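A closer look at the structure
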Amino acid sequence: MNIAQAAAYIGIAKSTLYTWRTRRPGFGPRAVKAGGALRYRRSDLDAWIEAHAETLDLQAETDIDDDGRRSGGDQQARSRTLGSMSRRSRPRHP
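Residues numbered from 1 in each chain as written. Predicted model: local features only at pLDDT ≥ 70, side-chain atom pairs only at ≥ 80, totals over all residues. Heavy atoms only, no water.

1. Some thoughts on the overall build of the protein chain
A count of helices and strands for the protein chain gives five helices and two strands. When the helices and strands of the protein chain are listed from N to C terminus, the series reads α-α-β-β-α-α-α. A separation threshold of at least 6 residues defines the contact pool for the protein chain, and within that pool the share at least 24 residues apart is 31%. Surface exposure of the protein chain reaches about 7,700 Å², of which carbon and sulfur atoms provide 49%. (Helix = DSSP H or I, 4+ residues; strand = E, 2+ residues; numbered from the N terminus. Contact = heavy atoms within 4.5 Å. Areas by Shrake-Rupley, 256 points an atom, 1.4 Å probe, with all protein chains shown as cover.)

2. Side note on the side chain of aspartate 44
As for its position among the elements, aspartate 44 is in helix α3 (residues 42–51). Excluding residues that lie within four positions of it along the chain, aspartate 44 makes contacts with Pro29 and Arg30.

3. Quick notes on the environment of tryptophan 20
Within the element layout of this structure, tryptophan 20 appears in helix α2 (residues 14–23). On the basis of relative accessibility, which here comes to 14%, the residue tryptophan 20 falls in the buried class. Every residue in contact with tryptophan 20, bar those within four places of it in the chain, is listed here: Ile10, Ile12, Pro25, Phe27, Gly28, Pro29 and Trp48. (Buried < 20%, exposed > 50% of the residue type's maximum accessible area, 1.4 Å probe, protein only.)

4. A short note on the packing of aromatic side chains
Counted under the stated rule, the structure contains three aromatic pairs. With a centroid separation of 5.1 Å and 40 degrees between ring planes, the pair formed by tryptophan 20 and tryptophan 48 is classed as tilted. Pair noted here: tryptophan 20 is in helix α2 and tryptophan 48 is in helix α3, with a separation of 28 residues, a long-range link. Residue classification places tryptophan 48 among the buried positions, given a relative accessible area of 15%. Taken together, the ring pairs in this structure connect Trp20, Phe27 and Trp48 into an aromatic cluster. The aromatic ring of phenylalanine 27 is capped on one face by arginine 24, whose charged end is 4.0 Å from the ring centroid. (Phe/Tyr/Trp six-rings, centres within 6.5 Å; stacked < 30°, edge-to-face > 60°. Lys NZ or Arg CZ within 6 Å of the ring centre and 35° of its normal.)

Set out below in structure tokens:
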């Protein structure tokens with residue numbers, strides 16, 4: 001695939017692929033330079049996507065109490081975060 005096709009395949013901008021290649025070597029999917037043009041193998045793109053998939057956090061689901069609310073530990077962390085935010089950036093709650 002050319003760079004436009006590869007970017008569309010993984011759902012990012014072409015410029016992001018170029019940036020990863022030049023500013024973050026080794027981060028993006030592997031590319032092959034053929035005749036002066038970058039080419040991407042579908043298998044390399046799939047492998048890169050799989051390597052960067054988020055893991056499921058089962059602990060967060062078990063912290064929900066019977067009323068559907070998160071348990072105290074998470075609430076304390078959230079209130080500490082909100083306390084450090086300025087008044088304008090603090091989310092509004094009805």
